[in-house]
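One letter stands for each residue in the lines below.
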Amino acid sequence: MAFGLRALTPSGALAGWAIGTVALTTTGWAGGLLLAVFFATSSGISRLFPPAPSAREREREANATAKADRRDALQVLANGGPAAAGSLAAIVEPALGVWLLGAGLAAAGADTWATGIGMWSGRTPRDIWTRQAVTPGTSGGVTLPGSLAAAGGAAVVALPTGGVLGSMAWGGVALSIGVMGMVVDSILGATLQGQFQCPACGSHTECRLHRCGARTEHRKGLAWCSNDVVNFLATGSAVIAAWAVWSW
């Protein structure tokens, strides 16, 4: 269905199928509900607020085919993989699996909403670490509208999670964890994510090959740390935090 709606590339559809199979097998209808809510709302935000032209250009640099509003396998696994891994806890304790799945998806939803709405808000983003103004679309850049949107993106998954678990208090905790995941994503994007510069035209980019054809030079962060790696670490941190809260 997602592939038919052009929300996912073929590889993304396969990765989404794998994540959905794991979550549905371990958490049943409850996990299926959370996955459906996450996918519907995140895809809707991506369609209503597609990446700005500068972000699209960076996507084209990374791949010959633009994937700005179609997620590939790496993007799907980076956003949903940790949540699906958390759902495996349902094998031992069903409610815990639902909780970890919901918290992980809340973090992924927060990041998606913050990115989409923040870039189209018209506000100049600031680096979350240095507080300096940065170009829209720069990893680690945050705006007030984007931060508020992150809470909305987390809430649309967190509140159903609380409803499934029979306590809206859990929904509130999941919302907080989701927003925390977005903050971690921004901090990692500002500090660890690889940043490169084109020696030919001087443009800054997140890719090793610039759209002008020149090979870029590493300037900041870890060269191997891409946006997908940052997303995976941020969503994973939300799942770990959710497990810690449950244990406590």
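Everything in this summary refers to the structure shown in the same document. (Residues numbered from 1 in each chain as written. Predicted model: local features only at pLDDT ≥ 70, side-chain atom pairs only at ≥ 80, totals over all residues. Heavy atoms only, no water.)

Turning next to the sheet that holds strand β5 (residues 217-220). As summarised here, the arrangement of the three strands in space is β4-β3-β5, forming an open sheet in which the pairing is antiparallel. A strand with exactly one partner marks an edge of an open sheet, and here the two such strands are β4 (204-205) and β5. Relative to β5, strand β3 (residues 195-197) is paired through three bridges, and the arrangement is antiparallel. Across the sheet, the residue bridging to Gln197 is Glu217, located in β5. (Pairing = 2+ DSSP bridges. Helix = DSSP H or I, 4+ residues; strand = E, 2+ residues; numbered from the N terminus.)

For the rest of this paragraph, the subject is the environment of Asp228. Of note, Asp228 is situated in helix α7 (residues 227-247). As for Asp228 and Gln193, which are separated by 35 residues in sequence, their C-alpha atoms are 9.6 Å apart. Those residues within four positions of Asp228 in sequence are excluded, and the remaining contacts are Leu74, Gln75 and Ala78. (Contact = heavy atoms within 4.5 Å.)

The next point concerns the packing of aromatic side chains. Tallied over the full model, the rule gives two aromatic pairs. Measuring from centroid to centroid gives 4.7 Å for Trp99 and Trp170, while their planes differ by 65°, and the two rings are edge-to-face. Taken together, the positions of Trp99 in helix α4 (residues 94-119) and Trp170 in helix α6 (residues 168-191) put the pair 71 residues apart, joining distant regions of the chain. Centroid distance Trp170 to Trp246: 5.2 Å. Interplanar angle 35°. Geometry classified as tilted. One end of the pair, Trp170, is in helix α6; the other, Trp246, is in helix α7, with 76 residues separating them in the sequence. Trp170 sits in the partly exposed class, given a relative accessible area of 26%. Among the aromatic residues, those joined into a ring-pair cluster are Trp99, Trp170 and Trp246. (Phe/Tyr/Trp six-rings, centres within 6.5 Å; stacked < 30°, edge-to-face > 60°. Buried < 20%, exposed > 50% of the residue type's maximum accessible area, 1.4 Å probe, protein only.)

Per the counting criterion, the structure on display carries one salt bridge. One salt bridge in this structure joins Arg219 and Glu217, with 2.8 Å as the shortest N-O distance. Overall, the relative accessible area of 49% leaves Arg219 in the partly exposed class. Residue Glu217 is classed as partly exposed on the basis of its relative accessible area, which comes to 35%. (Salt bridge = Lys/Arg side-chain N within 4 Å of Asp/Glu carboxyl O.)

What follows is about the packing of helix α1 (residues 10-48) against α4. For any two helices packed against each other, the geometry comes down to the angle between their axes and how far apart the axes lie. Viewed as axis vectors pointing N to C, α1 and α4 meet at an angle of 5°, and their least axial separation amounts to 10 Å. One way to sum up the angle between α1 and α4 is to call them roughly parallel. Contacts between α1 and α4 involve Ala23, Thr27, Ala30, Gly31, Leu34, Leu35, Phe38, Thr41, Ser42, Ile45 and Ser46 on the former and, on the latter, Gly97, Val98, Leu101, Gly102, Leu105, Ala108, Gly109, Thr112, Trp113, Gly116 and Ile117. Its residues assigned to classes, the contact of α1 with α4 shows twelve nonpolar, ten polar and no charged. (Axes fitted to C-alpha atoms, helices over the stretch in contact; angles between N-to-C directions. Parallel < 35°, antiparallel > 145°, perpendicular 65-115°, else oblique. Nonpolar A, V, L, I, M, F, W, Y, C, P; charged D, E, K, R; others polar.)

What follows covers the nonpolar core. Counting 30 residues, the largest nonpolar core has Trp99, Leu100, Leu105, Ile177 and Ala242 as the members making the most contacts within it. For this core, the secondary structure elements donating two or more residues are α1, α4, α5 (144-165), α6 and α7. It is α4 that provides the largest number of residues to this core, a total of twelve residues. When sequence neighbours within four positions are dropped, the list of residues in contact with Ile177 reads Trp99, Ala103, Ala238, Ala241, Ala242 and Val245. (Core = buried A, V, L, I, M, F, W, Y, C linked by side-chain atoms within 4.5 Å.)

Here we take up the environment of Glu206. Residue placement: Glu206 occurs in the loop between β4 and β5. Considering only alpha carbons, one finds Glu206 and Thr216, ten residues apart in sequence, at a separation of 9.2 Å.

With that out of the way, let us pick up the environment of Cys212. Secondary-structure assignment places Cys212 in the loop between β4 and β5. Judged by relative accessible area, which is 45%, Cys212 ranks as partly exposed. Sequence-wise, Cys212 and Cys201 are eleven residues apart; in three dimensions their C-alpha atoms are separated by 8.2 Å. With residues up to four places along the chain from it excluded, the contact list for Cys212 reads Cys198, Ala200 and Cys201.

Another aspect to go through is a nonpolar patch on the surface. Where nonpolar side chains cluster on the molecular surface, the patch consists of Val22, Leu88, Ile91 and Val92 and spans about 390 Å² of accessible area. As for its position among the elements, Val92 is in the loop between α3 (73-87) and α4. Take Val92: its relative accessible area is 75%, and that puts it in the exposed class. (Patch = residues over 30% accessible without salt bridge, like charges linked within 9 Å, V, L, I, M, F, W, Y side chains within 5 Å. Areas by Shrake-Rupley, 256 points an atom, 1.4 Å probe, with all protein chains shown as cover.)

With 39 residues, α1 extends just 22 Å between its outermost C-alpha atoms, more than 12% less than the 57 Å of an ideal straight helix rising 1.5 Å per residue. Along α1, the helix axis deviates most sharply at Gly28, where the bend reaches about 135°. (Expected span 1.5 Å × (residues − 1). Bend = angle between axes of the 7 residues up to and from the residue.)

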